[in-house]
Amino acid sequence: HYLPVPGKDAHELLDFLEELKLRQRVNGRWIYDERHLCHSPQERLFLKGSWQEGLLPVNGVGRDTLQQYQQFATLVSQASRFARWPLPAYKAAGQPHIEHLKQITFGAYLSQNGLTDRYLRWYLNYCCLDDYGAGLGTVSAWAGLHYFASRHGFTAPRVDAMDTPEPEEREGVLTWPEGNGWLTNRLAVPLQARLQTGWVVTRIATTRQGVEVDAFNVATQRSERWQANQCIVAVPIFVAAKVIENPSDFVQQAALSVRYAPWLVANVYIKASLQDQPGAAPSWDNVIHTTTGDETNGVSLGYVNAQHQSLNSVPGPTVLTHYRALGDVNRGRQRLLDLPWTHWRDVVLADLAQAHPDIREKATRIEVTRYGHAMAIPTPRAGGSTSDRGHGGLRQGRLRFAHSDWAGYSVFEEAFTLGHEAAQA
């Protein structure tokens, strides 16, 4: 739904943002168009019956919790000095001194360092779910640290004279009412008539003369065969392994190594502004704290207000985009498929009603979308990961591969750079 302001390692993406005039140099400094930066307030958390600024729990937490926040901040700072944590992640390949972090879960790493506080672990679990679709008991320690060390770090809350912790400051993010669809649409504009949509690829085959692609035209209900000298295969790895005729061992093994997180996304149409609980003002990202995870329905990651970027100062009808990650749910993909949309409607409304008791009377429509393979989960693995393979393995004969799956990290920075590299190869 957003793009964090990229770091210097993502220079391909930075060039693209400059093309779109989202980023320009003014008086020797890079400046982003404030119309597209997320407006304040950016984030809030519903905790103990009221809203607080920021997502790291601070209201009502004790000294022991604040101390563990500081301890984790120190670990992130040390990790940042000890190794590179760039986005795209492949630019950090060849750092054997941090390989051990890819062998254990983030939860195990925290336990090894004595970090057991429930508020800290809730927050870190939320962060993992948000970026990876699964919690700290599933993702690798490398991924858990990368979330912070590659971007904004982790700043422990400061305590003022009144003993009230201040919320963590976050980096700027670019966002739009339609989310990253805004970026996708602008990538498509130069292609014009060359962009062919509404096709289902059923076969990709390498021949002596080039590449054959069999595709089914949904509009005409007919299959066609396309021919080219080369082909960029920019689909999830498990799809590539199915549609490529006689896929190589490299592709087959990569497909077997990737675990995917199912997600549910619900767009809730609201006819009028909602009743709110006391505390921080309505924000772009609104998260409801839960004491335990839902082993059957996944974990709620809160909702984004689609009208937050609007300059209209009067609250009114809007769309709330609610997210649920099911990467840790037993047979979560099958459960997502089997249960009717009404089940998920009720789960979503019950979650939102904790903070907005009038949600049911003001919701006019709910659109539920189920993503069975929403994102690749960077799990611990003994033999390395797709991100370790570098770009040498992303070209085989006449086929070039591009998808965020190859990074094991399903974010826009990875997808964009891998696509760019495939086109340049």
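Scroll up a little and you will see the structure.
Figured I'd write up the structure that's included with this text. Since the structure is predicted, the reported quantities are computational estimates derived from the model, not experimental observations. (Residues numbered from 1 in each chain as written. Predicted model: local features only at pLDDT ≥ 70, side-chain atom pairs only at ≥ 80, totals over all residues. Heavy atoms only, no water.)

A look at the nonpolar core
So, step 1. Among the nonpolar cores identified, the biggest contains 82 residues, and F72, W85, F106, Y123, L124, F148 and F154 are the most heavily contacted of them.
So, step 2. Tallying contributions element by element places helix α4 (residues 118-132) first for this core, with ten residues.
So, step 3. Beyond its immediate stretch of four places on either side in the chain, L124 contacts F72, F106, L110, L136 and F148.
So, step 4. Formed by 17 residues, the second largest nonpolar core is a distinct cluster that contains I270, L274, L326 and L336. (Core = buried A, V, L, I, M, F, W, Y, C linked by side-chain atoms within 4.5 Å. Buried < 20%, exposed > 50% of the residue type's maximum accessible area, 1.4 Å probe, protein only. Helix = DSSP H or I, 4+ residues; strand = E, 2+ residues; numbered from the N terminus. Contact = heavy atoms within 4.5 Å.)

Describing the environment of R25
So, step 1. Turning to its location among the elements, R25 is positioned in strand β2 (residues 23-26).
So, step 2. In this structure, the C-alpha to C-alpha distance between R25 and A255, residues 230 residues apart in sequence, is 42 Å.

Regarding the sheet that holds strand β5 (residues 50-53)
So, step 1. Pairing within the open sheet is mixed, and its seven strands lie in the order β5-β4-β12-β13-β14-β11-β15. If you trace the sheet from one side to the other, it starts and ends with β5 and β15 (363-377), each paired once. Pairs of neighbouring strands in the sheet enclose a mean axial angle of 25°, with direction left out of account.
So, step 2. Summarising the sheet, strand β11 (residues 259-270) and β15 pair through eleven bridges and their orientation is antiparallel. From the neighbouring strand, V265 faces β15, where its bridge partner is T369.
So, step 3. Where α4 meets the sheet, its contacts fall on β4 (43-47), β11, β12 (285-288), β13 (299-305), β14 (318-325) and β15, and the angle it forms with β15 comes to roughly 85°.
So, step 4. Here helix α10 (residues 341-353) sits on the sheet in contact with β11, β12, β13, β14 and β15, set at roughly 100° to β15. (Pairing = 2+ DSSP bridges. Axes fitted to C-alpha atoms, helices over the stretch in contact; angles between N-to-C directions.)

Let's talk about the pairing of β12
So, step 1. Burial of β12 is two-sided: the residues D285 and V287 facing one way and the residues N286 and I288 facing the other way are all buried.
So, step 2. Both β4 and β12 contribute to a ladder of four bridges, which runs parallel. Residue pairing in the sheet places L45 in a bridge with V287 of β12.
So, step 3. Two elements, β12 and β13, share two bridges in a ladder whose sense is antiparallel. Bridge pairing links N286 to Y303 in β13.

Let's talk about the sheet that holds strand β7 (residues 199-206)
So, step 1. Judged by pairing direction, the sheet is antiparallel, and its three strands sit side by side in the order β7-β8-β9 without closing on themselves. Whereas interior strands pair on both sides, the edge strands pair on one side only; in this sheet they are β7 and β9 (222-228). Looking at each pair of strands side by side, their axes are set apart by 20° on average, direction ignored.
So, step 2. As defined by bridge partners, strand β8 (residues 211-217) adjoins β9 across seven bridges and the pair is classed as antiparallel. Bridging from a neighbouring strand, A215 pairs with E224 of β9.

With respect to the packing of aromatic side chains
So, step 1. By the definition in use, this model includes 21 aromatic pairs.
So, step 2. Judged by centre distance (6.1 Å) and plane angle (80°), the rings of W263 and Y323 are edge-to-face. Residue W263 is found in strand β11, and its partner Y323 is found in strand β14; the two are separated by 60 residues along the sequence.
So, step 3. Taking the relative accessible area as the measure of exposure, Y323 reaches 15% and is therefore buried.
So, step 4. An aromatic cluster of three or more residues is present, and its members are Y69, F72, F106, Y109, Y123, Y147, F148 and F154. (Phe/Tyr/Trp six-rings, centres within 6.5 Å; stacked < 30°, edge-to-face > 60°.)

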